[in-house]
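As a plain string of letters, each chain reads:
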2 protein chains.
Amino acid sequence: MRLSRFHLATVKEVPADAEIASHRLMLRAGMLRKLAAGIYTWSPLGLRVLRKVEQAVREEMNRAGAIELLMPSIQPRELWEETGRWEKFGGQLLKLRDRKDAEYCYGPTHEEVVTDFARNELRSYKQLPVNFYQIQTKFRDEIRPRFGVMRAREFLMKDAYSFHLDPASLEAEYRNMYETYGRIFTRLGLRFRAVQADTGAIGGNASHEFQVLADSGEDAIAFSTGSDYAANIELAEALAPAGTRPAPAHALERVDTPTQKTIDEICAFLGVAPAQCVKTILVRGVDGLVALCVRGDHEINEVKAAKLAELPGESVLADEAEILKATGVRPGFIGPAGLPASIPVIVDRSAAILADFVCGGNADGSHYRGANWERDARITRIADLRKVVEGDPSPDGQGELGIARGIEVGHVFQLGQKYAEVLGATVLDDQGKSRVLWMGCYGIGVSRIVAAAIEQNHDEAGIAWPEAMAPWRVAICPIGAHQSEAVREEAERLYAELAQAGIDVVLDDRGLRPGAMFADMELIGIPHRIVVSDRGLAAGTYEYRRRSESENRSLTREDIGRLFD
Amino acid sequence: MRLSRFHLATVKEVPADAEIASHRLMLRAGMLRKLAAGIYTWSPLGLRVLRKVEQAVREEMNRAGAIELLMPSIQPRELWEETGRWEKFGGQLLKLRDRKDAEYCYGPTHEEVVTDFARNELRSYKQLPVNFYQIQTKFRDEIRPRFGVMRAREFLMKDAYSFHLDPASLEAEYRNMYETYGRIFTRLGLRFRAVQADTGAIGGNASHEFQVLADSGEDAIAFSTGSDYAANIELAEALAPAGTRPAPAHALERVDTPTQKTIDEICAFLGVAPAQCVKTILVRGVDGLVALCVRGDHEINEVKAAKLAELPGESVLADEAEILKATGVRPGFIGPAGLPASIPVIVDRSAAILADFVCGGNADGSHYRGANWERDARITRIADLRKVVEGDPSPDGQGELGIARGIEVGHVFQLGQKYAEVLGATVLDDQGKSRVLWMGCYGIGVSRIVAAAIEQNHDEAGIAWPEAMAPWRVAICPIGAHQSEAVREEAERLYAELAQAGIDVVLDDRGLRPGAMFADMELIGIPHRIVVSDRGLAAGTYEYRRRSESENRSLTREDIGRLFD
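Residues numbered from 1 in each chain as written. Chains lettered and ligands numbered in written order. Predicted model: local features only at pLDDT ≥ 70, side-chain atom pairs only at ≥ 80, totals over all residues. Heavy atoms only, no water.

Draft legend 1. Summary view of the overall build of chain A. The number of helices and strands found in chain A is 16 helices and 30 strands. Judged by the C-alpha coordinates and their principal axes, chain A covers about 95 × 65 × 45 Å. Of all 565 residues assigned to chain A, the portion counted as buried reaches 55%. Between the mean site of the 69 positive side-chain charges and the mean site of the 82 negative ones, chain A shows a separation of 3 Å. (Helix = DSSP H or I, 4+ residues; strand = E, 2+ residues; numbered from the N terminus. Buried < 20%, exposed > 50% of the residue type's maximum accessible area, 1.4 Å probe, protein only. Lys, Arg positive; Asp, Glu negative; His and termini not counted. Charge placed at Lys NZ, Arg CZ, Asp CG, Glu CD.)

What follows is the structure, encoded as C-alpha cells:
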C-alpha cells in the first residue's frame, strides 16, 4: 500500500473522554470514530487490524474443524421466549418492533438461533459432532459503554456452538477449542492465560476464560509462576500449608481489648503478627448461624464460602441483632473458643494449623491469646475458605501463585443440555432412539482483542503491534524524496521487492518531513521501519528501527532481506 | 474439503412458500434457513457462495483504489434528522430505542454516516478524491419480504461513497466504478447489462443500474443487439424513424364508428394496420389539457411524458368530465384533427411522419381516415413520447433494441452535493477556501447476487453455478469406496493433487450411493464432477461431467490436469 492512496488521519489532541490507553491511542491513530455511545466506525486503518484478527481466528477455527455459517443479527422474540431469556437476559438485550409490530431483538449472542438451526438441520447421530461458528456483529445495550471498543455496544464477535451425542464428545471438542484458542492468541502475539472461570449466567459445567494480561485489566487472575495453571482469583484453590499443627505451648489467656476490634488494632495492641490471629465471621447458614475462621492476614472468599453445604448457596453476613441473639456478644469480639455448640465452626486450612493464636473472646471488649484448636476451640470442619494471595503455593503443586490483571477476550463453556432440552433439539442415535443434544459454546471478542492488544503493547509514542496484528509489518520512509531521484527510486525498488516477497509493506510517499512521518509510524505501531535517504544510499545502508527498540541500526540490503526470512 | 467433515443438508421437499427458482433451489440445496420473515441464516454451504461473491467484490474494489472501512449498523436518529430522511425514508426504516430511550435506526444505507465521517475526517483538498466502501449487513423493513434473499429484510451489501472537490473528479470516479462493476459481474460469470436508470428517491444526476439478465427479473430493460447500450425501458429513447413524411395522397374522410373505440376495433372495422393509426390521449397540463399523440401500435411512456414542459412533472389522464368540457366529445373519439386551438398537440416522432392516417373524429361515434399533419391536424411540438418496442433502432445508432428482463444487483449514482450540503461536509481548497464536497455512491447487493446468479443459471436438476461462485469448483465422487481400496486411494490421491494445485475441490467421502451423490452435486451446482470407480481405474480413465453438459466424458489423468489449467 502507498500511503498517498490510503486514508491515514492521525490526530494530535487526546480526546477528553478516553479513559484508557487503548481508547486514546485508537482515536489518536485514527483507527476509530465514534458515531454514538458505544457505537464506532472502524476507519480504513482500524479495519486493517480488525481484519487481521478476524482472519487469524477464522483460519484457526477452520483448521480445528469448525464450520463457518452466518446467522442473522435480528432475532424474533418467540425464540427467546422459548428459553425464557426474553425477560431474563435483562437490559442489555436491545428490543425492537418492525412495521407490523412484531417484536425482535438485536442478537447479543446466538444460543437460541443456533439451537433452532440445529433442531431443524440435525436429524441423525451421523451428523455429529459438529461445531458451527460465525464472525458476526452483535449488540449489547450496556448501561455505561466506555473504553472505546473494549466495552462497546455494537461489536464484532466470533461465536461457535458445538453439538454432540454425549458428554464425552462434548468434552473432547471443549479440549479442541481450548487448544485452538491457545493457538489463536499465540499466533496473534499476545501474552495471555487460560483461566478457570465461574460460568456465571450462561450456565453449564466447565468453563475457561482467555485473558490478555494487562495492568489495566478489569479481572484479577491467580497464575502459577512455574506452570500453566491460572484461575479467576475467586476460584483459585488455597492449599493447606506444609507441616502439621504444633502442640500448644501457652495457656489460654483472656485479655481486655476495650476499643480494639480490627485485626490491625489487636495486633498492634498485643504485639503479634496478623498471621498469628484467627478472624471469625458469622454468616447465615441453612440452619442458624455458621462461623467461618481464616487467618488474620487472609480474606474470606465469598464464592468458596457460598459453595459450603452448611450455607444456602450464598454467603450473607449475619447482622448485629442476629449475632447478639445467637452469642450474646457484639461483632468484633467473636472467636471460635467458647462459641455456642449450635454454631458450626468451619476453619480455613491455613488457620487450622495455627497454635497459640489470638482470637475474639466471645465477650464484649475481650480477646484470647494462647488459644489452641481442640483444646480451646471446636473445629466442625476444615475447608478452603480464603482468597489466594501472591506467594501462595500453586494448586497444581508447581511453583508459587502470582496475581495479575487481565482482559477477557475469549470464553469457552460446556453448556450441557440446557438449551437443547428446552428447545427440543434432538437426534436419533444408532438405535433409532431420540436423544437430546449436548452443547458447547466458544466466544472470542474479535473487536475487543484489538483494544486488549494495545493495552498490552504500547508506550509513550503510541501503539507497538505484535507482527500478526499490525496494519502493515514494515514501513518504508524515504527522506527528501521530493529532491532526490535516487531516494525515490530506491524506495520504490525496496517497496516492490518486499511486496513481491509477500511482506505486508507500506510506502510512506506522502512527502512529510521525517519527524512527522516517524511520529505517525510510531503512533500507528508499525513493527519495522526502514528509512531510505541519500546519506544511507552513499553508505550502502538503510537506517532501521524496530518499534520495540529505542535505537536505530544501520542495515545493508542483505540484512533487510534476512529480517523477514 | 471432505464432505464428511462438512455440514451438507439437502432436502427433497420443495417448500410451499418459495415462489421463484432461486428461492426453491437455495432451500433445497440447504443454503439458507428462514429464521423470520425476510431474515435468513446462511448455512455453511450458502456462506461459501456468499463469501466468494464478497471476496470478488472486495478485490475489484481494492484494485479500483477504493478503501475499505466498516460503519455501524445502528445509527442515531439525530443524524437522519439532519438530512430529513428520518421521516422521508418511510416504513422501510427500522426504528428502535435503546435502554435510555434514545432513538436509532438499523441502517438501510449509509449516506448519513459516511458523510458525517467525511465531514470530520476530510479537511483538505489534498485528501481528495477518496472512495470509502464497506461490505456490511443492512436492514430494510420490506412490507412484503419474499423470494428468499432476493428481497430479504436483512441482507449483505457493498456500499461505496466517493468524495470530490469538483464535478469533473466525481465524473471520473463514476466512470471508474462503472468499469469496476463491469469487471466484478464479468468475473462472477454473470450475463448482465449496465442500464441507464432513473435516480428515483436517492436523487442526483447520472445513474446506472447493473442488471443480471433473467426471465424472472422484475425490471424490463431495453438493450441493443449491436452494442453495449442498455436502459431501463422507461428511459430508453425512441428515435425518429428513418425517412420523411410522405405527401398526403388521400382526402380527409369522416367515417362512422358507432361502437368502435379501441385501436383494435377500429383497425378491424376499417381494415388498416395499427401502425397507420394515431392514438390521442388528453392529460392534465400546466395550463389546461394537453393532447399526446402516438402511433396506434405504440404506448405512451409516462416517465417521458411527465418530463414535458407542458406537464406539471407528472402525467395524469384527464377524466371524462374534463374531456367533455374541453372538447365536447367523449373519450374514445378524440383525435388531433380539429381539436380546440387551446389544446397543445404533442406528437411522438413515429406518429409525426405518418401520412393518410386514421384518428379520432372529435365527434361521438366517428373517426377520420386520410388524415394528414399540417393539412388537417396541428402539431404543436414533436417529442419522444412512447415506450420503445423490440426491433426499434438502438438510440446509439448501432443495432436494434431487444427487450429483456433483469434483476438489479448494482447501482451507481452521482449524488452531487445533496448530502454534503445539508450535512456541511466541506474541505479547504488550494486557495484556503471552504468548498462543499461532491459525492458519488455505488451499491452492490452481495446477497442478492447469489439469488440472481441462480435465476440465470439453473435447470431441472438444480443450480449450475458459474465457476467463480460455486461452493467448490470440482467434486470428486468415488464409487464403491467402502469396498475398493484402489478407489479410495485414487480418490484421495486426486483430491490431494487438485487441492495442492490450488483448485477448490470437494471430496464426497460420505459413502452415499452414486445416484444420491450425483443428485446432490447437481443440486448444489458443482461445475465439474469427476467419478473415480473400479471400472474407470481398469480403463485408466475417469468419468467426467461438466454441470452445463448432459453427457459424460471419459478423461485420462492428463485430460483432468488440462481441465483446470
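Draft legend 2. Inspection of the relation of the copies chain A and chain B at higher detail. Note on the identical chains: chain A maps onto chain B by a rotation of 180° and an axial translation of 0.0 Å, with an RMSD of 0.2 Å. In short, the pair behaves as if placed about a two-fold rotation axis. When C-alpha positions in chain A are compared against the rotation axis, the closest is assigned to Leu 96 of chain A, at 2.6 Å. Interface overlap between copies is the fraction of interface residues in one copy that are interface residues in the other; for chain A against chain B it reaches 100%, indicating a shared surface. (Least-squares fit on C-alpha atoms with pLDDT ≥ 70 in both. Contact = heavy atoms within 4.5 Å.)

Draft legend 3. Layout of the pairing of strand E17 (residues 357-363) of chain A. With six of its seven residues buried, E17 of chain A lies for the most part within the structure. Where E17 of chain A folds back on strand E18 (residues 366-371) of chain A, the antiparallel hairpin that results is connected by two residues, among which Gly 365 of chain A adopts a positive phi of roughly 75°. (Pairing = 2+ DSSP bridges.)

Draft legend 4. Representation of unusual backbone geometry within the structure. Residues and elements named next belong to chain A. The omega torsion of the bond from Leu 128 to Pro 129 falls at -10°, within 30 degrees of zero and hence cis. Within the fold, Pro 129 resides in the loop between helix H5 (111-121) and strand E7 (130-139). Even without being a glycine, Asn 362 presents a positive backbone phi close to 55°. Looking at the secondary structure, you find Asn 362 in strand E17. Looking at Asn 362, the relative accessible area reads 16%, which means it is buried.

Draft legend 5. Molecular detail of the confidence of the model for chain A. Residues with a pLDDT of 70 or more make up 99% of chain A, whose mean pLDDT is 94. Predicted complex, confidence summary: ipTM 0.88, pTM 0.88. (pLDDT = per-residue confidence, 0-100.)

Draft legend 6. Representation of the environment of Ile 343 of chain A in the model. Residues and elements named next belong to chain A. Note on placement: Ile 343 falls in the loop between helix H9 (320-327) and strand E16 (345-348). Overall, the relative accessible area of 2% leaves Ile 343 in the buried class. In contact with Ile 343, not counting residues within four places along its chain, are Leu 282, Leu 289, Val 290, Ala 291, Ala 326, Thr 327 and Arg 378.

Draft legend 7. Examining the nonpolar core more closely. Phe 163 of chain A together with Phe 163 of chain B are the most contacted members of the largest nonpolar core, which totals 211 residues. Those residues in contact with Phe 163 of chain B that lie beyond four places of it in its chain are Val 114, Thr 115, Ala 118, Leu 122, Leu 128, Pro 129, Val 130, Phe 132, Leu 437, Trp 438 and Met 439 of chain B. (Core = buried A, V, L, I, M, F, W, Y, C linked by side-chain atoms within 4.5 Å.)

Draft legend 8. Structural context of helix H12 (residues 446-456) of chain B. Burial analysis of H12 of chain B places 10 of its 11 residues in the buried class, the great majority of the element. Among the residues making up H12 of chain B, those that are buried are Val 446, Ser 447, Ile 449, Val 450, Ala 451, Ala 452, Ala 453, Ile 454, Glu 455 and Gln 456 of chain B.

Draft legend 9. Inspection of the pairing of strand E5 (residues 94-97) of chain A at higher detail. All names here are of chain A. By the alternation rule, side chains of E5 split into Leu 94 and Leu 96, which are all buried, and Lys 95 and Arg 97, of which none is buried. When E5 meets strand E6 (residues 103-106), the two strands line up antiparallel, connected through four bridges. Paired with Leu 94 across the bridge in E6 is Tyr 106. Counted along the chain from E5 to the antiparallel partner E6, the turn is five residues long, and its residue Asp 101 has a positive phi close to 70°.

Draft legend 10. Up close: the state of the cysteines. Using the criterion set out here, one finds zero disulfides over all chains in the structure. For the unlinked cysteine Cys 277 of chain A, the closest cysteine sulfur is that of Cys 267 of chain A, found at 3.5 Å. Look at Cys 277 of chain A and you get buried, because its relative accessible area is 1%. Cys 441 of chain B provides the cysteine sulfur closest to Cys 105 of chain B, a residue in no disulfide bond, and the two sulfurs are 16 Å apart. (Disulfide = S-S within 2.5 Å.)

Draft legend 11. Local environment of the sheet that holds strand E28 (residues 528-532) of chain B. Residue and element names in this part refer to chain B. The five strands lie next to each other as E27-E26-E28-E29-E30, forming an open sheet whose pairing is mixed. The sheet is open, and its two edges are formed by strand E27 (505-507) and strand E30 (553-555), each paired on a single side. Mean inter-strand twist for the sheet, computed between neighbouring axes without regard to direction, equals 25°. Bridge analysis of strand E26 (residues 474-478) against E28 gives five bridges, and the strand direction is parallel. Across the sheet, Ala 475 pairs through a bridge with Arg 529, a residue of E28. Running over the sheet, helix H14 (residues 514-523) touches E26, E28 and strand E29 (542-546) and is turned about 175° from E26. (Axes fitted to C-alpha atoms, helices over the stretch in contact; angles between N-to-C directions.)

Draft legend 12. Just the pattern of salt bridges, in detail. Going through the model one piece at a time under the given rule, you end up with 108 salt bridges over all chains. Put simply, Lys 138 of chain B and Asp 159 of chain B hold a salt bridge, and the shortest N to O gap is 3.1 Å. A residue pair is termed long-range when its members are at least 10 positions apart, and Lys 138 of chain B in strand E7 (residues 130-139) and Asp 159 of chain B in strand E8 (residues 154-164) qualify at 21 residues. Taken individually, Lys 138 of chain B and Asp 159 of chain B each receive the classification buried, so the pair is uniform in this respect. Residues participating in the shared-partner salt-bridge network are Arg 51, Glu 54, Arg 58 and Glu 68 of chain A together with Arg 51, Glu 54, Arg 58 and Glu 68 of chain B. (Salt bridge = Lys/Arg side-chain N within 4 Å of Asp/Glu carboxyl O.)

Draft legend 13. Seen up close, the interface of chain A and chain B. Between chain A and chain B, the residue contacts involve 53 residues of the former and 53 residues of the latter. Taken together, the two surfaces of chain A and chain B that pack against each other cover about 4600 Å², and 59% of this comes from carbon and sulfur. On the surface where chain A and chain B come into contact, there are six salt bridges. A salt bridge links Arg 33 of chain B to Glu 121 of chain A, with the shortest nitrogen-to-oxygen separation between them at 2.9 Å. Linking chain A with chain B are 24 residue pairs in polar contact (both at pLDDT 80 or more), by the criterion used here. Partitioning the side of chain A that touches chain B into residue classes produces 28 nonpolar, nine polar and 16 charged. (Buried area = accessible area lost by both parts, 1.4 Å probe. Polar contact = N/O pair within 3.5 Å; in protein donor to acceptor, adjacent residues only side chain to side chain. Nonpolar A, V, L, I, M, F, W, Y, C, P; charged D, E, K, R; others polar.)

Draft legend 14. Seen up close, the side chain of His 208 of chain B. Residue and element names in this part refer to chain B. In this structure, His 208 sits in strand E10 (residues 207-213). Residue classification places His 208 among the buried residues on the basis of a relative accessible area of 16%. Contacts of His 208, omitting those with residues within four sequence positions, involve Tyr 174, Tyr 178, Val 195, Gln 196, Ala 197, Gly 410, His 411 and Val 412.

Draft legend 15. Spotlight on helix H13 (residues 485-500) of chain B. Residues and elements named next belong to chain B. Taking 1.5 Å of rise per residue, 16 residues should cover 22 Å, and H13 covers 22 Å from first to last C-alpha, within 8% of that figure. Of all the residues in H13, the buried ones are Val 487, Glu 490, Ala 491, Leu 494, Tyr 495 and Leu 498. Buried positions in H13, seen along its axis, are confined to an arc of 135° and lie on one side of it. The secondary structure elements touched by the buried residues of H13 are E26, E27, E28, helix H15 (534-539), E29 and helix H16 (557-563). Of the residues flanking the end of H13, it is Gly 502, one or two places downstream, whose phi is positive at about 80°. (Expected span 1.5 Å × (residues − 1). Arc of directions from axis to C-beta.)

Draft legend 16. Summary view of the packing of helix H2 (residues 44-63) of chain B against H12 of chain B. Residues and elements named next belong to chain B. At a minimum axis distance of 9 Å, the contact between H2 and H12 shows a crossing angle of 115°. Looking at the two axes, H2 sits roughly perpendicular to H12. Judged by the twist between their axes, the crossing of H2 over H12 is right-handed. On the side of H2, the interface is formed by Val 49, Leu 50, Val 53 and Glu 54, while H12 contributes Val 446, Ser 447, Ile 449 and Val 450. (Parallel < 35°, antiparallel > 145°, perpendicular 65-115°, else oblique. Left-handed = near helix turned anticlockwise from the far one by under 90°.)

Draft legend 17. Quick peek at the sheet that holds strand E29 (residues 542-546) of chain A. All names here are of chain A. Ordered in space as E27-E26-E28-E29-E30, the five strands form an open sheet in which the pairing is mixed. Every other strand in the sheet has two partners, leaving strand E27 (505-507) and strand E30 (553-555) as the edge strands with one partner each. Across the sheet, the axes of successive neighbouring strands diverge by a mean angle of 25°, strand direction being ignored. Where strand E28 (residues 528-532) lies against E29, four bridges are found, and the strand directions are antiparallel. Each residue of the ladder has a partner; that of Val 531, found in E29, is Glu 543. The sheet strands contacting helix H14 (residues 514-523) are strand E26 (474-478), E28 and E29, and the helix crosses E26 at an angle near 175°.

Draft legend 18. How the structure looks around the packing of aromatic side chains. The full count for this structure, using the stated rule, is 25 aromatic pairs over all chains. Between the aromatic rings of Trp 80 of chain A and Phe 89 of chain A, the centroid separation amounts to 5.6 Å while the plane-to-plane angle is 80°, which identifies the pairing as edge-to-face. With a relative accessible area of 22%, Phe 89 of chain A lands in the partly exposed category. Each ring, one from Phe 6 of chain B and one from Trp 472 of chain B, has its centre 5.0 Å from the other, and the planes form 80°; the classification is edge-to-face. Of this pair, Phe 6 of chain B sits in the segment before helix H1 (21-28) while Trp 472 of chain B sits in the loop between strand E25 (462-463) and E26, and the two are 466 residues apart along the sequence. The cationic tip of Arg 529 of chain A hangs over the ring face of Phe 518 of chain A; the distance from NZ or CZ to the ring centre is 4.0 Å. (Phe/Tyr/Trp six-rings, centres within 6.5 Å; stacked < 30°, edge-to-face > 60°. Lys NZ or Arg CZ within 6 Å of the ring centre and 35° of its normal.)

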